[in-house]
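Listed below are the residues making up each chain.
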Protein chains: 6
Amino acid sequence: MVPTTTKFEFAAGLSHLEGPDLKLTQSHLTRGPASIECEYDELFAGPEVVAEAIRAQNAGADAIVIVCMGDPALQATREAVSVPVLGIGETAMHYAAMLGHKFSILCTLDRRVGNYETKARHFGLESKLASVRPVNIPVLDIGGDHSSALDRLIDTAKAAITEDGADVIVLGCGCFQDMDRIMEERLRELGLAVPVIDSPPLTVLSAAALARTRLTHSKRAYPTPPAKDRPGYEIPTLKERG
Amino acid sequence: MVPTTTKFEFAAGLSHLEGPDLKLTQSHLTRGPASIECEYDELFAGPEVVAEAIRAQNAGADAIVIVCMGDPALQATREAVSVPVLGIGETAMHYAAMLGHKFSILCTLDRRVGNYETKARHFGLESKLASVRPVNIPVLDIGGDHSSALDRLIDTAKAAITEDGADVIVLGCGCFQDMDRIMEERLRELGLAVPVIDSPPLTVLSAAALARTRLTHSKRAYPTPPAKDRPGYEIPTLKERG
Amino acid sequence: MVPTTTKFEFAAGLSHLEGPDLKLTQSHLTRGPASIECEYDELFAGPEVVAEAIRAQNAGADAIVIVCMGDPALQATREAVSVPVLGIGETAMHYAAMLGHKFSILCTLDRRVGNYETKARHFGLESKLASVRPVNIPVLDIGGDHSSALDRLIDTAKAAITEDGADVIVLGCGCFQDMDRIMEERLRELGLAVPVIDSPPLTVLSAAALARTRLTHSKRAYPTPPAKDRPGYEIPTLKERG
Amino acid sequence: MVPTTTKFEFAAGLSHLEGPDLKLTQSHLTRGPASIECEYDELFAGPEVVAEAIRAQNAGADAIVIVCMGDPALQATREAVSVPVLGIGETAMHYAAMLGHKFSILCTLDRRVGNYETKARHFGLESKLASVRPVNIPVLDIGGDHSSALDRLIDTAKAAITEDGADVIVLGCGCFQDMDRIMEERLRELGLAVPVIDSPPLTVLSAAALARTRLTHSKRAYPTPPAKDRPGYEIPTLKERG
Amino acid sequence: MVPTTTKFEFAAGLSHLEGPDLKLTQSHLTRGPASIECEYDELFAGPEVVAEAIRAQNAGADAIVIVCMGDPALQATREAVSVPVLGIGETAMHYAAMLGHKFSILCTLDRRVGNYETKARHFGLESKLASVRPVNIPVLDIGGDHSSALDRLIDTAKAAITEDGADVIVLGCGCFQDMDRIMEERLRELGLAVPVIDSPPLTVLSAAALARTRLTHSKRAYPTPPAKDRPGYEIPTLKERG
Amino acid sequence: MVPTTTKFEFAAGLSHLEGPDLKLTQSHLTRGPASIECEYDELFAGPEVVAEAIRAQNAGADAIVIVCMGDPALQATREAVSVPVLGIGETAMHYAAMLGHKFSILCTLDRRVGNYETKARHFGLESKLASVRPVNIPVLDIGGDHSSALDRLIDTAKAAITEDGADVIVLGCGCFQDMDRIMEERLRELGLAVPVIDSPPLTVLSAAALARTRLTHSKRAYPTPPAKDRPGYEIPTLKERG
C-alpha cells in the first residue's frame with residue numbers, strides 16, 4: 001500500500017519478484033496527503049492507511065507492506081489487522097544493521113532528519129545509525145528524470161561514508177526506486193564499496209517470508225483496538241479468517 | 001485541549017490556578033475516539049487535535065496543553081502551530097526525572113505499557129524509567145467513584161516502589177485527577193514517601209512559564225508543513241500573529 | 001540562591017515575574033569560590049550552598065533555585081531540605097529536550113565541556129544533547145558589556161546548529177542573562193530559527209509551579225542525612241514545618 | 001551450513017521452501033565441536049566454518065546461512081566470502097524486534113545467557129531484549145522426543161512473557177525445529193498470544209531475498225583479509241565470480 | 001587517604017602489599033563527616049579531601065587512593081593534583097567489568113543504591129551493572145565482629161546472583177575488608193562460584209601500576225583550577241615537581 | 001602470550017617490571033596468522049591461543065596476558081583456564097576510562113575501526129569512546145624505525161583530541177611499544193597534554209595485581225567447557241591446581 005493520494009507506481013517495478021508463491025497488489029489513499037514529508041503528513045495519512053489495510057486483509061492479502069520510509073501508522077495498523085505488516089523504513093534499517101557496522105539514510109529533505117533519527121531510536125537501532133543526510137529534493141520533484149537526483153545521492157552518500165563512518169547506505173524514499181545498483185557501481189568506482197538498500201523489494205520479500213513461515217506481529221504488543229465510538233470516521237470491520 | 005470526543009472535564013479542577021496572568025479554556029474533539037487507549041485511538045484523534053490547536057491559536061491562545069498521557073499528535077501539532085504545545089505525558093516524565101532517580105508510570109491498561117516505554121525512549125528518558133505498571137481500569141470506567149481506583153493505584157505504586165525501584169510515581173491518565181495528594185499520604189503511611197505527579201496542573205503551569213518567558217518549540221525541529229493537497233480533510237489556516 | 005561569593009545580581013532581572021503568588025529573594029555565599037568554573041569550585045561552594053538552603057527554608061522559602069549551570073550541591077541540598085530545589089542547569093536541559101530534538105549548551109570555558117556532558121548523562125538526557133561548545137569567556141569577564149560576548153555566542157550557536165545538529169540552544173551560564181531573545185532574533189536573520197533558553201526565569205517559574213502544586217523531590221531518592229559528627233562545619237538545623 | 005561435526009539434519013525440514021528460485025544444500029564440519037554450547041566451542045568451529053563457506057561460494061552458492069544461534073565466525077566469514085552470509089541468531093533477533101516491543105530468547109543452557117546478551121548488544125538490539133532464559137537441556141539431548149522439551153519451553157516462555165515483559169519468543173537453538181507453531185498454540189491457550197520464531201526457515205528466506213535483490217554485506221565493514229602466512233591451516237582460495 | 005574523621009584503619013591490613021617498590025601511608029580528615037553514607041556526607045568531606053591530597057603530593061606521594069566506595073571529591077582532587085588519583089569505587093567497578101558479564105555492588109544502606117547506580121552511569125558502566133543491593137548495616141556498626149555482617153553479605157550476594165544475574169560481586173564499603181575470600185568460599189559451597197572484590201588492595205596495586213608506568217589522569221579532562229578568591233578555606237599550594 | 005606466529009618481542013621491553021614478586025615468560029603461536037589485522041586473523045589465532053594458555057597455566061603461570069589489542073580468544077581462554085586472563089585491549093580501555101572523560105584508540109589500519117568500536121560496546125565502554133582512528137601502517141611494517149610512525153601517531157592523536165574530543169589516547173597496537181612517553185611530550189609541546197597509554201606494561205601489572213589479591217575471572221560468566229568430541233584439534237588438558 002502506498003500511503004499517499006498521489007498514485008506513485010511501485011508494483012510495476014516489483015513485478016519481477018512475482019511467482020507461484022507471490023502475487024502483488026497495490027493501493028493508494030483517497031484521503032490524506034499528496035506526499036509524506038513531515039509528521040503532519042504522516043498523521044493525515046494515518047486513518048486511511050488503517051482503513052486500507054483492513055480492506056486489504058478482507059480482500060485476502062497475506063501480508064501488507066506500507067511503502068513509505070516514514071512508516072506512517074505502522075503500529076496502529078498492526079493493532080488493526082492480523083496479517084503481518086511491514087514498513088519499508090523499519091525493514092530497511094534492520095537489514096542495514098545486518099549488512100555492516102553503521103548505516104546512513106539519505107532522506108529527501110532536511111526536515112526529515114530528526115524524524116528518522118527518532119525512528120531509529122524507536123526501533124532500537126540508534127547505535128547502528130551513522131547519520132541521516134538530506135539530498136534536498138522534494139518527493140514530488142523526483143519524477144522521471146533521475147540523473148540529477150543521482151548526482152546528489154552519490155555526493156551525499158560519499159559524505160556519509162567518509163565523514164560519518166557509514167558502511168551501508170539506505171535510500172530514504174521509496175521514490176529512489178531502481179537507483180540502488182547504479183549507486184553501488186558509482187560508489188565502487190570512487191573506492192567506496194558499500195551496499196545501497198532500496199527497501200521496497202526487500203520488504204516485499206520479507207513480508208512474503210513472514211507469510212510463508214506463518215509468522216505475524218505480536219498481538220500482545222499490538223492488541224486489537226477495543227470497540228468504542230469513534231465519530232467522524234467510517235472504519236471497515238475486519239473479517240475473521242477461517 | 002482534551003483529545004477525545006467524550007467531554008472529560010479538567011478545566012474546572014484547574015480553575016484555582018487561574019489569575020491575572022493565566023486564563024484557561026478547554027475544548028474537546030468532534031471527530032475521533034471516545035477515549036484513548038491504544039495507538040489506533042491516538043491515530044484517529046490526530047487530525048482533529050491538529051485542527052483544534054490551529055483554532056485555539058487563532059482564537060488567541062498563548063500556549064496549548066494536550067490533556068492525554070499518550071500525547072497524541074504532539075509532534076504534528078508543534079509543526080502546525082507556533083505557540084508552545086506541551087503534552088501531559090512528556091511534561092510529567094521530565095518533572096519526574098528531576099524529582100528522583102527513577103519513576104514509574106501507573107497506566108490504565110496492560111496494553112499501554114509498551115506505548116509508554118516507547119515514549120520514554122522517544123523523550124530520551126529511558127534510563128530514568130523504573131517501570132510502567134497497569135492498574136487495569138478502562139478510562140471510561142474511572143468516573144465519579146475514585147475509591148476502588150485508589151486502592152488499585154496504591155497497590156500498584158507500592159509494587160513499583162519496592163519491586164522496580166521507583167522513587168517517583170506518575171499518574172498515567174489525566175482522569176486520575178486529584179488523587180495525587182491522597183496517594184502520597186497513603187504511601188507515606190506505608191513508609192513509602194514518594195512524590196505522586198498528577199500532570200495536568202503542572203503542565204498548565206509549565207506551558208504558562210514558556211509563554212511568560214516567550215519561549216516556544218523549535219521550528220527547526222518542527223518545521224511548518226509545506227502547502228500541498230490533503231484531500232478529505234478541512235484544516236483551518238493558521239493566522240499570522242502581529 | 002547564587003552559589004558564589006561574588007554578588008552576581010539576578011533577582012532584579014527577574015522581578016517582572018513577581019506577583020501575588022510569587023515573591024523572590026536572593027542570597028550569595030560568604031565562604032566558597034568567587035565564580036564556578038570547575039569541579040573544584042563546585043566542591044568548595046558545596047557546604048555553604050547546603051547551609052544557605054537550610055537557612056532559606058527556615059526563613060520561609062517555598063522553593064529554592066540554585067542559580068549556576070553547574071548545579072553545585074544539588075543532590076546534597078535535596079537531602080538537606082524538604083522544599084523543592086531546582087538547579088538552572090538540570091531544568092534548562094529538560095525544557096530543551098521538550099522544545100526540540102537535540103540541544104547544545106554554550107558554556108563559558110573549554111574546561112566545562114566534559115562537566116556538562118557528564119551532567120547530561122547524569123540527568124539521563126545524553127541522547128538529546130547535540131554538543132557542548134565553549135565561547136571561551138571567563139565568568140568574571142562577562143560583566144556589563146555584552147556586545148562582544150554576543151558575537152561569540154552567535155558564532156558558537158551557529159556552529160552548534162549547522163555542524164552538530166542542534167535545534168535548541170541553552171545558554172550555559174547564568175551570566176548570559178537577557179541575551180536569549182536578541183540571540184533568537186539574530187539567529188533567525190541567519191535562517192537558523194531556534195529557541196534560546198536563558199534558564200533562570202524558566203527555573204524560577206518551574207520551582208513556583210512545584211510549590212503551587214505541592215510537589216517536592218522524593219525523600220526516597222534524597223533521604224535526610226543521618227545525624228552524626230561532622231567536625232569543622234556549623235550547619236544550621238532544619239526547622240520542621242507545621 | 002551447520003557449524004558442528006554432528007550431522008544435525010535441517011535441510012529436510014526446510015525442503016518445502018524450495019522452488020524454482022530457491023535450492024538448498026547443507027554441509028557440516030569435519031573439524032570442530034560436536035555441538036556449540038560455549039565461546040570455546042564457537043572458537044573451535046571457526047576455522048572450518050570459514051573454509052566451508054569459501055567452498056560453498058566456490059561451488060556456486062548465492063547466499064550462505066550459518067545454522068547456529070551463536071552465529072559462530074559470522075564476521076570472519078563475511079570477510080572471507082562475497083555472497084551474503086546470515087546467521088540464524090542475528091536474523092531472528094532483528095525479526096523479533098520488528099514483530100513486537102521486546103523479545104526473549106529461550107536458550108539451551110544457563111551458560112549461554114551471557115553470550116546471547118552480549119550478542120544482542122553487538123547487534124545494537126539490547127533495548128529490545130527482554131531476557132535470555134535457559135531451558136536447561138543440552139543440545140545433544142534434544143533429539144527425537146520433543147515432548148518433554150516442549151513442556152520446558154512453554155514454562156520458560158510463560159515466565160519470559162509474564163515476568164520479563166517479552167511479547168515475542170525466539171527459539172534459541174536450531175534444534176528446536178518445528179516447535180514454533182505448537183508453542184504458539186499452547187501459549188494462546190494460556191492467554192499469551194505471542195509469535196514464536198524458529199529462525200532457520202526465516203533466515204533461509206531472508207538470505208534468498210538478499211540474493212534475489214543482489215544485496216550483500218558491506219566490504220567496507222567486512223574487508224577481504226590480506227594475504228599473509230597463516231601456518232597450520234589449509235584455507236581454500238576464493239574464486240572470483242565472473 | 002580515608003575521607004572520614006573516624007580513623008578507620010586500612011593500611012595495616014594492606015601492609016603485606018608493601019615491598020621495595022611500594023610504600024603506603026594513610027591519612028584521615030580533621031574536618032568532615034565521621035562516615036560517608038549520603039551525598040551530603042560526600043559534600044562535607046570534599047574540601048578536606050582535596051587539601052589532604054595536595055599535602056600528600058607535596059610530601060612526596062607518587063599516587064593517591066581515596067578509600068571510600070563513594071569516591072568523594074574524586075574529580076576535583078584530580079583537578080587539584082598531578083599524581084594519579086584513584087577511588088576504590090571506580091576502580092572496583094572497572095575490574096568487575098573485566099572479570100565477568102555483570103556485577104552487583106553490596107552497599108551498606110538502602111540510601112546508597114541510587115548513588116552507586118548514578119556513579120556506574122557516570123563511569124560509563126551501567127550496562128555491566130546487574131544491581132546495587134543494600135545489606136542494611138551502617139558503616140560505624142561494622143566494627144570488629146564480622147560474623148553477622150558476613151551472613152547478610154552472603155544472603156545479599158546470593159540474591160544478586162540468582163535474581164539479578166550478577167556473576168561478580170563488589171563489596172560496597174571499604175569496611176568489609178578481608179571478607180572477600182571467605183565470601184567466595186561460602187558462595188562456592190552454595191554452587192555460586194563468583195569473584196568477590198574487596199577494592200582497597202586492588203586499587204592500591206593499580207595506583208602503583210600507574211605510578212610505575214608514569215601514567216596519570218588527563219589534565220585536559222581535569223585541568224588545574226584557576227587561581228581565584230575562595231574565602232573561608234585555606235587550601236595548601238601544590239608544589240611543582242622537579 | 002603473543003597471539004601471532006611472528007615472534008614479536010615484548011618481554012625484553014617489560015623486563016624492568018620484574019622483581020621478587022613478578023616473573024615474566026613469553027610465548028608465540030606455532031599455528032595461526034603472522035599478524036592480527038582482521039576478524040579472520042583473530043579467528044585463526046583462536047585455537048592455538050587457548051591451547052597455549054592451558055600450557056602456560058600447566059607450567060605454573062599465575063596470570064596470563066594476551067598481547068594483542070584485538071584480544072583474540074579472550075572469552076574462550078577464560079573458559080579454558082582458571083588463572084586470570086587479561087587482554088591488552090580491554091585493560092587499556094578500562095584504564096583510559098578512568099584517566100579522562102573520553103579516549104581515542106589509534107589503530108593500525110582503517111579496517112580495524114569497526115572492530116574496536118564493537119569491542120568498546122562489548123566492554124560496556126561505548127560512552128567513553130571518542131573515536132577510533134587509523135594511522136594506516138600495517139603491523140609488520142612497524143619494525144625498528146619508529147620515527148615515521150611517530151609523526152603519523154602524533155598527527156592522528158591531534159585530530160582525535162581536537163576534532164573528536166578525546167582527552168586520553170590509547171595506542172592501538174602492541175607494536176607501538178615505548179612510544180607513549182615521547183608522544184606525551186610531543187603532544188604537550190602542541191598544547192595538548194593528555195596521557196598516552198601503551199597497554200602491555202599496564203596490563204602485566206594489572207594481571208599481577210589480580211594474582212596478588214587472588215582474584216580471577218568469574219567461572220559463572222566463563223564456565224569450563226563441557227567435555228565433548230572436537231575432532232581435528234589436540235587440546236592439552238588443564239591440570240588441577242593443588
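What comes next is a walk through the structure. None of these values were measured; they are calculated from a predicted model.

With that out of the way, let us pick up the relation of the copies chain A and chain D. Between chain A and chain D, which share one sequence, the superposing operator has a rotation angle of 180 degrees and an axial displacement of 0.0 Å; the RMSD is 0.0 Å. Taken together, the rotation angle and the small translation identify this as a two-fold axis. Of the interface residues in chain A, 100% have counterparts in chain D that sit at the interface too, so the contact is made through matching surfaces.

Bringing the interface of chain E and chain C into the picture now. Contacts between the two partners involve 42 residues from chain E, matched on the other side by 42 residues from chain C. Between chain E and chain C, a total of about 3600 Å² is buried, with carbon and sulfur atoms accounting for 59% of that surface. Run the count over chain E and chain C and you get eight salt bridges. For the interface between chain E and chain C, the tally reads 25 residue pairs in polar contact (both at pLDDT 80 or more). Mapped onto the side of chain E that touches chain C, the elements with two or more residues apiece are α2 (39-58), α3 (74-80) and α5 (113-122) of chain E. Among the elements that line the side of chain E that touches chain C, the one with the most residues is α2(E), at eight residues. Here the side of chain E that touches chain C is composed, by residue class, of 18 nonpolar, 11 polar and 13 charged.

A separate point is the relation of the copies chain E and chain C. Placing chain E over chain C gives an RMSD of 0.0 Å and needs a rotation angle of 180 degrees, together with 0.0 Å of translation along the axis. Both copies present the same face, since 100% of the interface residues in chain E are matched by interface residues at the equivalent positions in chain C.

Next up on the list: the interface of chain A and chain D. At the interface, 49 residues of chain A touch 49 residues of chain D. Carbon and sulfur atoms make up 62% of the area that chain A and chain D hide from each other, which totals about 3900 Å². Remark: the boundary between chain A and chain D carries zero salt bridges. For the pair chain A and chain D, the number of links is 18 residue pairs in polar contact (both at pLDDT 80 or more). For the side of chain A that touches chain D, the secondary-structure elements that each account for two or more residues are α4 (88-99), α8 (180-189), β6 (196-197) and α9 (199-212) of chain A.

A word on unusual backbone geometry. Residues and elements named next belong to chain A. For Asn136, which is not glycine, the phi torsion reads 60 degrees and is therefore positive. Within the secondary structure, Asn136 is located in the loop between β4 (129-134) and α6 (139-142). Overall, Asn136 belongs to the partly exposed group, its relative accessible area being 43%. Phi at Asp178 takes a positive value of approximately 70 degrees, unusual for a residue other than glycine. Within the secondary structure layout, Asp178 lies in the loop between β5 (168-171) and α8.

Residues and elements named next belong to chain B. With five bridges joining them, strand β3 (residues 103-107) and strand β4 (residues 129-134) adopt parallel strand pairing. Its bridge partner lying in β4, Leu106 is registered against Arg133. After leaving β3, the chain enters helix α5 (residues 113-122) and then returns to the sheet as β4, a path that is right-handed.

All names here are of chain A. Put simply, α4 and α9 touch, their axes get as near as 9 Å, and they point 90 degrees apart. When the axis of α4 is compared with that of α9, the two are roughly perpendicular. Residue-level contacts link Ile88, Thr91, Ala92 and Tyr95 of α4 to Ser199, Pro200, Leu202, Thr203 and Ser206 of α9.

Scanning all chains against the criterion turns up 12 aromatic pairs over all chains. An aromatic cluster of at least three residues, connected via ring pairs, comprises Tyr40(A), Phe44(A) and Tyr233(B). Here the guanidinium or amino end of Arg31(B) rests over the ring plane of Tyr233(A), the centre of that ring lying 4.8 Å away. Stacked on the ring of Tyr116(E), the Lys or Arg Arg112(E) has its end atom at 5.2 Å from the ring centre.

Rules behind the numbers
- Residues numbered from 1 in each chain as written.
- Chains lettered and ligands numbered in written order.
- Predicted model: local features only at pLDDT ≥ 70, side-chain atom pairs only at ≥ 80, totals over all residues.
- Heavy atoms only, no water.
- Least-squares fit on C-alpha atoms with pLDDT ≥ 70 in both.
- Contact = heavy atoms within 4.5 Å.
- Buried area = accessible area lost by both parts, 1.4 Å probe.
- Salt bridge = Lys/Arg side-chain N within 4 Å of Asp/Glu carboxyl O.
- Polar contact = N/O pair within 3.5 Å; in protein donor to acceptor, adjacent residues only side chain to side chain.
- Helix = DSSP H or I, 4+ residues; strand = E, 2+ residues; numbered from the N terminus.
- Nonpolar A, V, L, I, M, F, W, Y, C, P; charged D, E, K, R; others polar.
- Buried < 20%, exposed > 50% of the residue type's maximum accessible area, 1.4 Å probe, protein only.
- Pairing = 2+ DSSP bridges.
- Right-handed = clockwise from strand over helix to strand, strands pointing away.
- Axes fitted to C-alpha atoms, helices over the stretch in contact; angles between N-to-C directions.
- Parallel < 35°, antiparallel > 145°, perpendicular 65-115°, else oblique.
- Phe/Tyr/Trp six-rings, centres within 6.5 Å; stacked < 30°, edge-to-face > 60°.
- Lys NZ or Arg CZ within 6 Å of the ring centre and 35° of its normal.

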